[in-house]
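# Observations on the model geometry
Listed here are the chains, written in short residue letters.
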Amino acid sequence: MLAPQPKPPAPGHRRLTRLAGLSYGLIGLLVTAGFCAWNSWTNRTIYLEEFAANAKERAEQVKTLYLVELTRQQGVGALFAASGTIDAEEFRNFVRQTEAGTATARLSMSLLQRVSPAERQNFERALRKDYGAANTHFSASTEPARRAQNAAVPFQLAIRYVEPVRTELSAPGLDLSSDPSAAAAAQKAAASGRTALADVPHEAGGHAFRLFTPIYRSGLPPVTPDARVGLLAGFICGTYRYRDLFEAVFSRSSHLGQHVYVFDTVRADARAVYVHESRKASEVRVEPRLLRAELAQYPHRVEEQITLADRSVTLTFVPIRAMTLFDFLDHRGKMIALGGLLVSGLLTFMGFRIATARAQRETSEERLRLAATVFHDAQEAIVITDASGNIIDVNGTFSQITGYPREEVLGKNPRMLKSGVHDAAFYREFWQTLVKEGVWRGEIWNRHRGGDLVAVQATVSAVRDENGRISHFIDLFSDVTDRKTQQERIEHLAYFDALTDLPNRALLLDRLEQALARGRRDDSLVSVAYLDLDDFKPVNDTHGHKAGDLLLCEVARRLKASVREHDTVCRLGGDEFVIILAGLRGWEECEKILSRTLESVSRPYALPNGQTVLVSGSIGVTLSPPDRSTADILLRHADQAMYIAKRTGRNRMHRFAAPTPPTPISAAGGAG
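What comes next concerns the included structure. From a predicted model like this one, the values you see are computed outputs, not experimental measurements.

What the protein chain contains, in helices and strands, is 18 helices and 22 strands. With 672 residues in all, the protein chain has 43% of them scored as buried. Taking contacts inside the protein chain between residues at least 6 apart in sequence as the whole, the part at least 24 apart equals 60%. Just so you have it, the protein chain exposes about 35,800 Å², and 56% of that area is on carbon and sulfur atoms.

What follows concerns unusual backbone geometry. With omega at -15°, the peptide bond leading from Ser-624 into Pro-625 counts as cis. Pro-626 follows Pro-625 through a cis peptide bond whose omega is 15°. Inspection of the secondary structure puts Pro-626 in the loop between strand E20 (616-624) and helix H18 (631-647). The backbone of Ala-309 shows a phi angle near 60°, a positive value even though the residue is not glycine. Along the chain, Ala-309 turns up in the loop between strand E8 (302-308) and strand E9 (311-319). One non-glycine residue, Asn-651, adopts positive backbone phi at about 50°. Take Asn-651: it is sitting in the loop between H18 and strand E21 (652-655).

Okay, the pattern of salt bridges next. Summed over all chains, the structure comprises 28 salt bridges. In this structure, Arg-369 and Glu-366 form a salt bridge, with 2.7 Å as the shortest nitrogen-oxygen distance. Of this pair, Arg-369 and Glu-366 both sit in helix H9 (residues 348-377), three residues apart, which is roughly one turn of the helix. For the salt bridge of Asp-532 with Lys-646, the shortest nitrogen-to-oxygen distance reads 3.0 Å.

The next thing to look at is the pairing of strand E16 (residues 568-573). Most of E16 is tucked away, with six of its six residues classed as buried. Strand direction decides the pairing type here: E16 and strand E17 (residues 576-584), joined by five bridges, are antiparallel. Bridge pairing in E17 places Gly-573 opposite Glu-576. Between E16 and E17, which pair antiparallel one after the other, the connecting turn spans two residues, and Gly-574 there sits at a positive phi close to 60°.

The strand order across the open sheet built from four strands is E7-E6-E9-E8, with neighbouring strands paired in antiparallel fashion. Pairing within the sheet leaves two strands with one partner each, and these edge strands are strand E7 (274-276) and E8. For this sheet, the mean inter-axis angle between neighbouring strands, taken without regard to orientation, is 15°. Contacts between helix H7 (residues 242-250) and the sheet are confined to strand E6 (258-264), E7, E8 and E9, with E7 contributing the most and set at about 25° to the helix.

Further remarks concern a nonpolar patch on the surface. The grouping of Leu-26, Leu-29 and Leu-341 at the surface amounts to a nonpolar patch, some 290 Å² of accessible area in total. Topologically, Leu-26 is positioned in helix H1 (residues 11-83). What makes Leu-26 exposed here is its relative accessible area of 54%.

A few words on the sheet that holds strand E4 (residues 208-216). Backbone-to-backbone hydrogen bonds join strands into a sheet, with any given pair of strands oriented parallel or antiparallel. Within the open sheet, the five strands sit side by side as E2-E1-E5-E4-E3. Their pairing is antiparallel. With partners counted over all chains shown, the strands left at the sheet margins are strand E2 (156-163) and strand E3 (196-200), one partner each. Strand-to-strand twist of the sheet, defined as the mean angle between neighbouring strand axes without regard to direction, takes the value 30°. The pairing of E3 with E4 spans five bridges and is antiparallel. Residue pairing in the sheet places Val-200 in a bridge with Ala-208 of E4. Of the strands in this sheet, strand E1 (106-115) and E2 touch helix H3 (residues 120-131), which is tilted by about 10° from E2.

Side chains Val-302, Glu-304, Ile-306 and Leu-308 of E8 all project onto a buried face; the interleaved residues Glu-303, Gln-305 and Thr-307 project onto a face where none is buried. In the sheet, E8 pairs with E9 via seven bridges, with the strands oriented antiparallel. Paired with Leu-308 across the two strands is Arg-311, which belongs to E9. Between the end of E8 and the start of E9, which pair antiparallel, lie two residues, with Ala-309 showing a positive phi angle near 60°.

Between helix H14 (residues 505-522) and H18, the shortest axis-to-axis distance is 10 Å and the interhelical angle comes to 105°. The orientation of H14 with respect to H18, classified from their angle, is roughly perpendicular. Note on element contacts: H18 touches H14 through Ala-631, Asp-632, Leu-634 and Leu-635, opposite Arg-505, Leu-508, Leu-509, Leu-512, Glu-513 and Leu-516.

Right, let's talk about H14 for a bit. Between its terminal C-alpha atoms H14 stretches 26 Å, which fits the 26 Å expected from 18 residues at 1.5 Å a residue. Considered for burial, the residues of H14 that qualify are Leu-507, Leu-508, Leu-512, Ala-515, Leu-516 and Gly-519. Looking at the buried positions of H14, the neighbouring elements they touch are helix H13 (481-495), strand E15 (525-534), E16, E17, E20 and H18. At the N-terminal boundary of H14, the capping side chain belongs to Asn-504, with an oxygen 3.2 Å from the backbone nitrogen of Ala-506.

Take the environment of Thr-630 next. Structurally, the position occupied by Thr-630 is in the loop between E20 and H18. Taking the C-alpha atoms as reference points, Thr-630 and Leu-512, separated by 118 residues in sequence, lie 9.6 Å from one another.

What follows concerns the side chain of Thr-316. With respect to the element layout, Thr-316 can be found in strand E9. Excluding residues within four positions of it along the chain, Thr-316 makes contact with His-259, Val-260, Tyr-261, Phe-263, Leu-295, Arg-301, Val-302 and Glu-303.

The next thing to look at is the packing of helix H16 (residues 545-562) against helix H17 (residues 587-601). H17 packs onto H16 with a crossing angle of 150° between their chain directions and a minimal axis gap of 9 Å. Taken together, the axes of H16 and H17 are roughly antiparallel relative to one another. Crossing geometry of H16 relative to H17 is assigned as right-handed. Residue-level contacts link Arg-558, Leu-559 and Ser-562 of H16 to Ile-593, Arg-596, Thr-597, Ser-600 and Val-601 of H17. Residue classes in the contact of H16 with H17 are distributed as three nonpolar, three polar and two charged.

What counts and how
- Residues numbered from 1 in each chain as written.
- Predicted model: local features only at pLDDT ≥ 70, side-chain atom pairs only at ≥ 80, totals over all residues.
- Heavy atoms only, no water.
- Helix = DSSP H or I, 4+ residues; strand = E, 2+ residues; numbered from the N terminus.
- Buried < 20%, exposed > 50% of the residue type's maximum accessible area, 1.4 Å probe, protein only.
- Contact = heavy atoms within 4.5 Å.
- Areas by Shrake-Rupley, 256 points an atom, 1.4 Å probe, with all protein chains shown as cover.
- Salt bridge = Lys/Arg side-chain N within 4 Å of Asp/Glu carboxyl O.
- Pairing = 2+ DSSP bridges.
- Axes fitted to C-alpha atoms, helices over the stretch in contact; angles between N-to-C directions.
- Patch = residues over 30% accessible without salt bridge, like charges linked within 9 Å, V, L, I, M, F, W, Y side chains within 5 Å.
- Parallel < 35°, antiparallel > 145°, perpendicular 65-115°, else oblique.
- Expected span 1.5 Å × (residues − 1).
- Polar contact = N/O pair within 3.5 Å; in protein donor to acceptor, adjacent residues only side chain to side chain.
- Left-handed = near helix turned anticlockwise from the far one by under 90°.
- Nonpolar A, V, L, I, M, F, W, Y, C, P; charged D, E, K, R; others polar.

Shape is all these values report; function is a separate question.
Here you go:
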């Protein structure tokens, strides 16, 4: 019996088969369209992330440039605080030194002096002496309203020194208190003790502003606003253009294509104070001159805020590239879409698989090339080691930071960079964290091939294989030595006098509080002695400020040598010093130390010109207990006693006592 023959496929089944064949083409088209959409979406997401990161980086660059300019301006104020008085030549030279070898966005730097009507003639004579007959009197705004306002002001803020000399904005003798904006900023800075910003009107070169940094007769800002205004000596005033400040950053065109708008945050309806327009004219999709509120129509804009003194400004970055998905379809995506259309008719599925495999291979190769490029051209040093810590490869930045060429370190252990700064506990904690968490971040001191110490900010990661075992270590680090050195210098200047390197008022109060707390614990006495030099001004007037500064440094050295190791000698400014003697057991011990101090200060001083001068000191001293006042009041009592010592003959010390009138004591220790 023959087996039954299979039935031929019905016509309907053949039609279904053809439809199924067509469905493969439809599936290929859908897959191709989906891949293109994913490719475009991914590229746009990457672009927007890179755009936001670039905007943040540029805003930080502007902020850094502003902080550099502010530090320069505060440095000029520190010069005035350290010396008490400066002349035009010192001011000019110091301002030029702050700019030496570096670019600056500043138009001018000036010293504003607070001048009353009674002081105008003397002020004008000083201007005539320093700048000649062309600048011998006050000048103010030509607007009648401002001249009338200027006439009602009890004192004026006029430019005493300026570098460089510039007409309209920064001429010697220019009265800035005639400008309401400048006057308001100056008043705010004087009361707060911090730098304030004022807009400059009618600047032909674009929007400009001034930074007012107050300077006080007492050196550091007093505690209360009223005291600050009362002791105000003037301002260090820097004049800047927004264009110059921001152009230093935005003149380097971004490859991303962007417009940048800078707005004053408090003026939402104003036009931008600075606009950077992309040079890629063919890509422009945004009107360059817009109000801030009109930028809301661009949803992909990025806003970053930075602070200039007491003013907040907003940097708005607007991409000029079209943001549709089609515009972000890259070359690879277009090729895959074309290939999918060509093979979707008969061999759609197989063609799509082949195209996908090819695309994946190209992607892998591109990633390898990209990884190699990133490795060799990265701004951070990169070290790759095996599981035993032996170096497999390093990039060029590693050689720049450490001084070791690549060939010299291959196969060696990174411990060759060990500096000796860190102890065994540090490295033990380092390895525990790295093995447990897989990554360690922090600062490490390494040793350069030449022997110098190098501080680096490092990120060390452990790479594990498919079995979870560590196969490699990757170390990324950057050189932060200059940043740490600068930070330590800034922190030092905040608590120590720039001329004598003695503790300043801020550190003085802290040391005094510690001494009082110690005295309460061990029932000992604390002495606060206020010393003012006698006949110091003639030294400055006769031999110059440089000789006076050298004498102050020698006085500081003698004071430190006269007291005990744990005692504190501080300089408040000018020729005023404060000595804190802690752990005393009686007045006799305090008197002995201060008498030795007076004798040391009164010894002759040899000047660089070969001449010898004599100065002495008057000391006011208070003892706690019995004077159980706060630290500020103890300083005030010592200051009062010092003035009594000056009135009763100088070169002596006077002990504060209340309510019984104090008895002056000479340098030899006898009654005055």
